Amino acid sequence: MKQIGLQLYSIRDVFLKDEASIRDGFRKIAEMGYTQAEPAGFLIDPALFARYAREAGVQIVNTHYGKALEDVEETIRIHDLFGTRYIGVGGYHPMGTVEETQAFIDKANKAGAIMKRAGYRFVYHNHSGEFRRLENGKSIYEMLLEGLDPETTALELDCYWAQNAGLDPADFILRHQDRIRLVHLKDMAVRLNPETNR
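Reading the values: the criteria
- Residues numbered from 1 in each chain as written.
- Predicted model: local features only at pLDDT ≥ 70, side-chain atom pairs only at ≥ 80, totals over all residues.
- Heavy atoms only, no water.
- Core = buried A, V, L, I, M, F, W, Y, C linked by side-chain atoms within 4.5 Å.
- Buried < 20%, exposed > 50% of the residue type's maximum accessible area, 1.4 Å probe, protein only.
- Helix = DSSP H or I, 4+ residues; strand = E, 2+ residues; numbered from the N terminus.
- Contact = heavy atoms within 4.5 Å.
- Pairing = 2+ DSSP bridges.
- Axes fitted to C-alpha atoms, helices over the stretch in contact; angles between N-to-C directions.
- Phe/Tyr/Trp six-rings, centres within 6.5 Å; stacked < 30°, edge-to-face > 60°.
- Lys NZ or Arg CZ within 6 Å of the ring centre and 35° of its normal.
- Salt bridge = Lys/Arg side-chain N within 4 Å of Asp/Glu carboxyl O.

Caption draft 1: Molecular detail of the nonpolar core. Residues F26, F49, F104, M115 and Y124 are the most contacted members of the largest nonpolar core, which totals 49 residues. The leading source of residues in this core is helix 5 (residues 98–117), at six residues. Ignoring anything within four residues of it in the chain, the contact list for Y124 reads V89, G91, Y92, M95, F104, E130, L144, A154, L155 and E156.

Here's what the structure looks like:
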């Protein structure tokens, strides 16, 4: 792992309140030693958001931007402010059937091709639902691995949600290291005694 950053959703209750909390938040995470961050929404004007990150010396490395597949040109314009090379979504719904998953793959590949021409790569972040099997016997994640264009898209493995789904994240990363460009790491509680929840 080259560098460790902070997913800003982790501190949303104190960070994403208003302009002052965002500016102060970037300063505080820089003081803690973080040099990279990944926002999940901006709340304020993206130009200001980018400026406050730069002022604090925090590089935006990827985003979870809900409109990334809806208005690709505007998404690129906003991400030009950040200096990142990745444009991500933190999940996508609906993807509960083979048809819905394939529709997402088609949409992501189309957006990814446009993003690549602008110097970006589209990134998909998982939760645990992507590891359940669909009516074709494949998991949603297997369909993503097979269907997403590796030249224009990448995967961000959330190790917590992968483990929650019963996978070994380290093994999974090793098997798919050519597709996984970013990872999310967070603690998962282990219950030693289900009766006491400790």
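Caption draft 2: Quick peek at the sheet that holds strand 7 (residues 180–184). Strand order in the open sheet made by the four strands is 4-5-6-7, with parallel pairing throughout. Both outer strands of the open sheet, strand 4 (86–89) and strand 7, are each paired with one neighbouring strand and no more. Within this sheet the neighbouring strands show an average axis-to-axis angle of 30°, counted without direction.

Caption draft 3: Seen up close, the packing of aromatic side chains. If you walk through the whole model with that rule in mind, you get 14 aromatic pairs. For the pair F131 and F172, a centre-to-centre distance of 5.8 Å together with 85° between the ring planes defines the contact as edge-to-face. Of this pair, F131 sits in the loop between strand 5 (121–125) and helix 6 (140–147) while F172 sits in helix 8 (residues 169–175), and the two are 41 residues apart along the sequence. Geometrically, the ring pair formed by Y141 and F172 is edge-to-face, given 5.2 Å between the ring centres and 75° between the ring planes. With Y141 in helix 6 and F172 in helix 8, the pair connects residues that are 31 residues apart, well separated along the chain. We note that Y141, like F172, is buried. Put simply, the rings of F15, F26, F42, F49, Y65 and F82 pair up and form one aromatic cluster. Over the face of the ring belonging to Y9 we find R12, whose NZ or CZ atom lies 3.9 Å from the ring centre. Between R85 and the ring centre of Y120, over which it is positioned, the NZ or CZ distance is 4.3 Å.

Caption draft 4: Structural context of the pattern of salt bridges. Taken as a whole and judged by the stated rule, the model has nine salt bridges. Notably, a salt bridge pairs E70 with K107, separated by 3.2 Å at the nearest N-O pair. With E70 in the loop between strand 3 (59–60) and helix 4 (72–80) and K107 in helix 5, this pair connects stretches of sequence that are 37 residues apart. A salt bridge links R77 to E74; the shortest N-O distance between them is 2.7 Å. Within this pair, R77 and its partner E74 are both found in helix 4, separated by three residues, close to a single helical turn. Residue classification places R77 among the partly exposed positions, given a relative accessible area of 44%. Put simply, R23, R51 and E55 are held in one network by salt bridges that share partners.

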